[in-house]
Amino acid sequence: MDILLNLSIKKPALMKIKNLLILSLAFLAACKSSVPLETEPITIKGKFANNFYLGTALSLKQINELDSIQSALIAREFNAYTAENVMKSMHIHPSKDTFNFAASDRLFDLAKKNNAVVHGHNLLWHSQLSKFFEEIKDSTEMVAALTNHIYTIAGRYKGRTLSWDVVNEAVEGDGSLRKSVFLEVMGAGYLPIVFKLAAAVDPKADLYYNDYSMTVPVKKAGVIEMVKNIQAAGAKIDGIGMQGHWHLDSPTIEEIETSILAYSALGLKVAITELDIDVLPRPKNVEGADISQKAEIDILNNPYTAGLPESLVAAQTQRYKDIFELFLKHQDKISRVTFWGVNDGDSWKNNFPAKSRTNYPLLFDRNNKPKLAYDAILSLKD
Ligand code: G3I
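For the structure given in this document, a descriptive report is provided here. (Residues numbered from 1 in each chain as written. Predicted model: local features only at pLDDT ≥ 70, side-chain atom pairs only at ≥ 80, totals over all residues. Heavy atoms only, no water.)

### Some thoughts on helix H14 (residues 310–329)
Taking 1.5 Å of rise per residue, 20 residues should cover 28 Å, and H14 covers 28 Å from first to last C-alpha, within 8% of that figure. For H14, the set of buried residues is Leu312, Gln316, Thr317, Arg319, Tyr320, Ile323, Phe324, Leu326, Phe327 and Leu328. In the core, the buried residues of H14 are packed alongside strand S1 (53–58), strand S7 (245–247), helix H13 (253–264), strand S8 (269–278), strand S9 (334–339) and helix H15 (372–378). (Helix = DSSP H or I, 4+ residues; strand = E, 2+ residues; numbered from the N terminus. Expected span 1.5 Å × (residues − 1). Buried < 20%, exposed > 50% of the residue type's maximum accessible area, 1.4 Å probe, protein only. Contact = heavy atoms within 4.5 Å.)

Here you go:
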């Protein structure tokens, strides 16, 4: 069994073999003791076990297993975990010489207990950034700080991390490189450097670039150019994370498909890393996931506090079905599909782009009950 665990697992299929072995042993034991065996429930992680990892983002509360019903759901339905917040630099590396690993250690322990993998989010992001990075003005000092940051964090979880978002959201909507402190101090050369640092410290982990609005042509072109430059500089990059903060009507399936194909054509894996389908009106037509964009709440923006109308439930169900049909079609290119949260009540989409709205973007309702969208994707043919 340990041999299976130690293999570098590409897809969850090996975990399935291991589970089958465990099940067979349990069956033999049950026959011996004449205890009736329960049949294994159908779950989304089981449904897609031979296709791609099926993941979720976990909040601190969920990592700490404070809600036993939700903890059981997380263990049952998902086989890949991403920390929604606790591994961002302001939390995990709050000041130059302070690291806070309490929550991330618990995340890795939980994954081990539940036989799930961990995707690290993230090693470098301009947002939720520790203040001390912002104060660095010199490129040698910045390289030293990044080396310490990446070696200490990725080094701690070396061999236990499936993959990392090495760089998050470094491209602007117009395709240019984001004017972050890293670009300001080091120029575009910071990008291959951080990928090289991550590869040096954990050579087996897959290294991703992760961003939102990845289907918008001008941004896609900018990301592709950036990735080609990272590759040309001799750095290892293994994948592209398309965040998947999508709406009922946009992007179109065709736009998602051409984007998956374009990123895959770079020789990279594609992960759908932060999937949710927003069903509310878009104040000021906000797209993507730029959290600096905020809109005031008003009744027009928050119309479904008492429940989602049937027509929208049906539209979201169909939308999830279409999207997963596409994922299955391109399963050879897709490594992982991760939802950004467990149930509708947990979602960041209740607070973006306007605060305190009632949104319904995920597969489980506020009582942790599977929605029709869940049934729809379970019923898909491979
Ligand atoms: O924990 C504090 C709490 O103590 C305080 O009372 C409360 C008051 O507002 O804030 C809480 O922190 C919030 C935190 O989420 C935990 O809920 C922060 O204000 C809020 O800014 C933070 O938002 C997160 C956001 O990233 C910024 O880090 C969202 O939960 C998280 O879903 C979102 O995730 C990002 C991905 O990392 C990158 N891609 C886009 C995606 C959506 O913005």
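Having put the structure on the table, let's press on.
### Focus on the environment of Asn343
Mapped onto the fold, Asn343 is located in the loop between S9 and H15. In this structure the C-alpha to C-alpha distance between Asn343 and Asn368, which are 25 residues apart in sequence, comes to 6.0 Å. At 2.7 Å, the side chain of Asn343 and the backbone nitrogen of Gly345 are in polar contact. A polar contact of 2.8 Å, which involves the side chain of Asn343, links it to the side chain of Asn368. (Polar contact = N/O pair within 3.5 Å; in protein donor to acceptor, adjacent residues only side chain to side chain.)

### Considerations on the pattern of salt bridges
Side-chain pairs of opposite charge can arise where the charged atoms are in close proximity. What the rule picks out here adds up to 12 salt bridges. For Arg156, the salt bridge is made with Asp105, and the minimal N-O distance between the two is 2.7 Å. Of the two residues, Arg156 is situated in helix H9 (residues 139–156) and Asp105 in helix H7 (residues 102–113); the sequence distance between them amounts to 51 residues. With its nearest N and O atoms 2.5 Å apart, the salt bridge here joins Asp206 to Lys269. Of this pair, Asp206 sits in strand S5 (residues 206–211) while Lys269 is found in strand S8, placing the two residues 63 residues apart along the sequence. Residue Asp206 is classed as buried on the basis of its relative accessible area of 16%. (Salt bridge = Lys/Arg side-chain N within 4 Å of Asp/Glu carboxyl O.)

### Some thoughts on the packing of helix H12 (residues 217–232) against H13
Between H12 and H13, the least distance of the axes is 11 Å, while the angle of their chain directions is 10°. The pairing of H12 with H13 is recorded here as roughly parallel in orientation. Crossing angle aside, the handedness with which H12 passes H13 is right-handed. Residues Lys220, Val223 and Ile224 of H12 form the contact with H13, whose own contacting residues are Thr258, Ser259, Ala262 and Tyr263. (Axes fitted to C-alpha atoms, helices over the stretch in contact; angles between N-to-C directions. Parallel < 35°, antiparallel > 145°, perpendicular 65-115°, else oblique. Left-handed = near helix turned anticlockwise from the far one by under 90°.)

### Considerations on the nonpolar core
The biggest cluster of nonpolar side chains holds 94 residues, and the ones touching the most others in it are Phe195, Tyr209, Met242, Leu275, Phe324 and Phe327. Among the elements that line this core, the one with the most residues is helix H11 (residues 190–201), at 8 residues. The next biggest cluster of nonpolar side chains, apart from the first, holds 7 residues, and it includes Ala57, Trp340, Trp348 and Phe352. (Core = buried A, V, L, I, M, F, W, Y, C linked by side-chain atoms within 4.5 Å.)

All we've got here are geometric facts, nothing functional implied.
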